[in-house]
Every structure is written in C-alpha cells, then in structure tokens.
Amino acid sequence: MQVQCDYLLEQKKVYSLWKRILGVLLAFLLLLSGLAYKYAALPKRVVYVCYRELNQYRTNLNFSGFNILKGEHFKILYPSSLGEEAELVLEAAEKAFSPVNNILQYRSSREVPVIIYSSHEAMNRNFRWDSSQSAMGVYWAGVIHILSPGAWIDDRDKKEYRETFLRHGPVVHEYAHYVVDSMAGGNYPRWLTEGIAQYVERKITGYVFEG
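Right, let's walk through the structure included here. (Residues numbered from 1 in each chain as written. Predicted model: local features only at pLDDT ≥ 70, side-chain atom pairs only at ≥ 80, totals over all residues. Heavy atoms only, no water.)

### Considerations on helix α7 (residues 190-205)
For step 1, the next point in the chain: An ideal rise of 1.5 Å per residue puts 22 Å on 16 residues; α7 measures up with 22 Å between its terminal C-alpha atoms.
For step 2, the next point in the chain: Taken together, the buried positions of α7 are T193, A197, V200 and E201. Buried residues of α7 fall within an arc of 100° about the axis and therefore sit on the same side. Those residues of α7 that are exposed and aimed more than 90 degrees away from the buried face are W191 and K203.
For step 3, the next point in the chain: In this structure, the buried residues of α7 make contact with α3 (83-104) and α6 (171-184). (Helix = DSSP H or I, 4+ residues; strand = E, 2+ residues; numbered from the N terminus. Expected span 1.5 Å × (residues − 1). Buried < 20%, exposed > 50% of the residue type's maximum accessible area, 1.4 Å probe, protein only. Arc of directions from axis to C-beta. Contact = heavy atoms within 4.5 Å.)

### Quick notes on a nonpolar patch on the surface
For step 1, the next point in the chain: A surface patch of nonpolar side chains, amounting to about 410 Å² of accessible area, comprises W18, I21, L22 and L25.
For step 2, the next point in the chain: With respect to the helices, strands and loops of the structure, L22 is situated in helix α1 (residues 2-38). (Patch = residues over 30% accessible without salt bridge, like charges linked within 9 Å, V, L, I, M, F, W, Y side chains within 5 Å. Areas by Shrake-Rupley, 256 points an atom, 1.4 Å probe, with all protein chains shown as cover. Salt bridge = Lys/Arg side-chain N within 4 Å of Asp/Glu carboxyl O.)

### A closer look at the packing of α6 against α7
For step 1, the next point in the chain: Their axes nearest at 8 Å, the elements α6 and α7 cross at an angle of 130°. Here α6 lies oblique to α7, going by the angle between them. Crossing handedness for the pair α6 and α7: right-handed. Listed contacts from α7 to V172, H173, A176, H177 and V180 of α6 are T193, E194, I196, A197, Q198, V200, E201, I204 and T205. (Axes fitted to C-alpha atoms, helices over the stretch in contact; angles between N-to-C directions. Parallel < 35°, antiparallel > 145°, perpendicular 65-115°, else oblique. Left-handed = near helix turned anticlockwise from the far one by under 90°.)

### Comments concerning unusual backbone geometry
For step 1, the next point in the chain: Phi at R128 is positive, roughly 60°, even though this residue is not glycine.
For step 2, the next point in the chain: Inspection of the secondary structure assignment puts R128 in the loop between α4 (120-127) and β4 (137-140).
For step 3, the next point in the chain: Positioned with a positive phi, A141 is a non-glycine residue whose angle comes to about 45°.
For step 4, the next point in the chain: For A141, the position within the fold is in the loop between β4 and β5 (143-147).

Keep in mind these numbers describe shape, not what the thing actually does.
Below, the structure written as structure tokens:
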C-alpha cells in the first residue's frame, strides 16, 4: 500500500512538472506571437542579418587570393595589379564614412568590406550579369563592390584623376546603401534606398544622376 502511495505521489509530481513546462512553453509562444504581431518585420530582419553575415564570410573565401588594404573603417580587397587604385578607393571610403553616417545618424565600429574589380567584365562575371551591365558600383548584402577607377577615368593627370574619382566615383553612393541596409536589416523597398543614396551623394559630392 505504501509503495502504491509513493508511486501516486511521484506521478503527481511528474504531472505537475509537465504542467509547469507546458505553461512556460505556452507563455513563450504567446510572447513570440505578440512580438511577431507588433514587430512584423522582426522575423525577416533576423533571417536577413544571418544571410548578410554569411555573405560576408563567403566573400572573404571567394576573394581570398586578393590583396588586402585596411583603413580605419574599411577593408579593401583588390587584385595585385590595382595597388594604386586600392589606395584611392580606401581614401574615398574613409572620406565618406563620417559625412554619410552624420546625415543618416548611423553609428557602427564594424569593418566594411569593399571589393575592387579590374573591369566591367570581371564585375559582371561575379554577379552573373550579361555584357549590357556597366555599373561602377554595387552594394549587396554587407559588401560594397567597386569598379576600378582606371576602368572608367581616362585622365592621365594624377591630381585630376584623383579628384574625378572623389567627386564622381560610386563610393559615397554605395556606402549610403550599406548604412541604410544595416539600419533597416533588409526591410525597405529598393526605391527608398536608391533615393536615400542619391540624396546623400548629392549632399556630399554635389553629384546628381542624369535623368
């Protein structure tokens, strides 16, 4: 009889424990449901941030054969033949850092990866674009991609060459995309980030897209 009573007591304890666990799980699910209802973009943001981190890691692997030039806030990956161009891109990036951040009220200490391509063909191959594409810069999932200044600037005068890239190069525009993406976690329409990037670029460099 005593054995049976002890068994029943143990069963009650187990039942009580499972009841508590189920109660906690139910409360947790209700909390998640409430958060998902109130912050509808949260699941998308979490997934996208993970994807962006993965893309940065994959980029480092894919371009592991490139040289690396580091500044205070940017890491430039470039072919060995583009050493001077890499220094100019790094200069433009570091000059853009504070003005873009101030306009968009963004603060971060993370290193920003930038890939330099020697030609349009090289950039198109990376993104699997056809030959009709001729972008000077692209932002994608945590990484900035820049066409080498030498691929589109013909000026032989070093001073003019530098000034042309700082004034008309894509670094400010693409870094603005990076900042918007970092702040919003992927939750924005394309027209919005493009409009913000053009606005920031015009404020800093005076450059306005034709048309």
